[in-house]
Amino acid sequence: MVPPTAAFIVCCYGLYDQEIRNELQMVGYYQYLSQVAEVTNLIPMAPIILAGGATWPGDRRTEAETVYLALAISGLVSPDRPIGNIFCQGASLDTVSNILMSRQMIGQLFPKVN
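Computed from a prediction, not measured in an experiment: that's the story for all the values here.

Participant: Just checking my understanding: could you explain the pattern of salt bridges for this structure?
Facilitator: For side chains bearing opposite charge, pairing can occur when the charged atoms are close. Here the structure, examined in full by the defined rule, presents two salt bridges. Arg61 is paired through a salt bridge with Asp17; the nearest N and O atoms lie 2.6 Å apart. Taken as a pair, Arg61 in the loop between strand E2 (48–51) and helix H2 (63–74) and Asp17 in the loop between strand E1 (8–11) and helix H1 (23–40) lie far apart in primary sequence, 44 residues in all. On the accessibility criterion, Arg61 (32% relative accessible area) is partly exposed. Relative accessible area serves as the criterion here: at 13%, Asp17 is assigned to the buried category. Where Asp59 meets Arg61, a salt bridge forms, and the shortest distance between an N and an O atom there is 2.7 Å. For Asp59, a relative accessible area of 19% gives the class buried.

Participant: So what exactly am I meant to see when it comes to the packing of aromatic side chains here?
Facilitator: One pass over the full model with this rule turns up five aromatic pairs. With 4.1 Å between their ring centres and 20 degrees between their planes, Tyr13 and Tyr29 make a pair best called stacked. Residue Tyr13 is located in the loop between E1 and H1, and its partner Tyr29 is located in helix H1; the two are separated by 16 residues in the primary sequence. Tyr29 gets classed as buried once you look at its relative accessible area, which sits at 0%. Relative to Tyr32, the ring of Tyr13 lies with its centre 5.3 Å away and its plane at 65 degrees, an arrangement referred to as edge-to-face.

Participant: What's the story with the pairing of E2 in this structure? I'm lost.
Facilitator: Each regular strand displays side chains that alternate between the two surfaces of the sheet. By the alternation rule, side chains of E2 split into Ile48 and Leu50 and Ile49 and Ala51, which are all buried. The pairing of E1 with E2 spans four bridges and is parallel. Bridging from a neighbouring strand, Val10 pairs with Leu50 of E2. Taken together, E1, H1 and E2 constitute a β-α-β crossover, and its handedness is right-handed.

Participant: What's the story with H2 in this structure? I'm lost.
Facilitator: In an α-helix, one full turn covers 3.6 residues, which means residues spaced three or four apart are oriented alike. The end-to-end C-alpha separation of H2 is 16 Å, in line with the 16 Å expected for 12 residues at 1.5 Å each. Residues Glu63, Ala64, Thr66, Val67, Ala70 and Leu71 constitute the buried set of H2. Buried residues of H2, viewed axially, fall in a sector of 165 degrees; they line one side. Of the exposed residues in H2, those oriented more than 90 degrees away from the buried face are Ala72 and Ile73. For H2, the secondary structure elements touched by its buried residues are H1, E2 and strand E3 (86–89).

Conventions and cut-offs
The written sequence of each chain sets the order in which its residues are numbered from 1. At least 70 in pLDDT is required for a residue's local features to be given in this predicted model, at least 80 for side-chain atom pairs to be given and counted, and no such filter applies to totals for whole chains, interfaces and linings, which use all residues. Based on all heavy atoms of the structure, the side-chain values leave hydrogens and waters out of the count. Note on definitions: salt bridges are taken to be side-chain nitrogens of Lys or Arg within 4 Å of carboxyl oxygens of Asp or Glu. Secondary structure counts use DSSP, requiring at least four H or I residues in a row for a helix and at least two E residues in a row for a strand, with both numbered from the N terminus. Burial classes follow relative accessibility: with a 1.4 Å probe on protein chains only, a residue under 20% of its type's maximum area counts as buried, one over 50% as exposed, and anything between as partly exposed. Here is the rule: rings of Phe, Tyr and Trp (six-membered ring for Trp) pair when centre to centre is within 6.5 Å. Planes less than 30 degrees apart are stacked, more than 60 are edge-to-face, and the remainder are tilted. In this description, strands pair whenever DSSP reports at least two bridges between them. Place the viewer so that the strands point away; then a crossover is right-handed whenever the path from the first strand over the helix to the second strand goes clockwise. To estimate the expected span of a helix, count its residues, drop one, and scale the result by 1.5 Å. It is the directions from the helix axis to the C-beta atoms that the arc portrays. By definition in these notes, contact holds between two residues if any of their heavy atoms fall within 4.5 Å.

Printed below as a string of structure tokens:
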């Protein structure tokens, strides 16, 4: 795999799930993801790291997984983006960990990118 010259780290903020969020929260989260897609679609070859762990009590899904599904279903992500170019980092539980663990993941996925 050729190392990218750029990568996007997207900090999730809770599960993307209409069963646990009210309508206003879902609209806000969708707007956030729309803006994320607008920026990331400018460089479709750059990998996207979705960062966010299992933060909802009693639910094993990670924030990253629910956002990944939302992006896949919504059609927000550019069709020019290669399949397998969006990664889930689901171990972090706060914003600082989102960044640090995603940075570590980038280093593991693309060893020449440090």
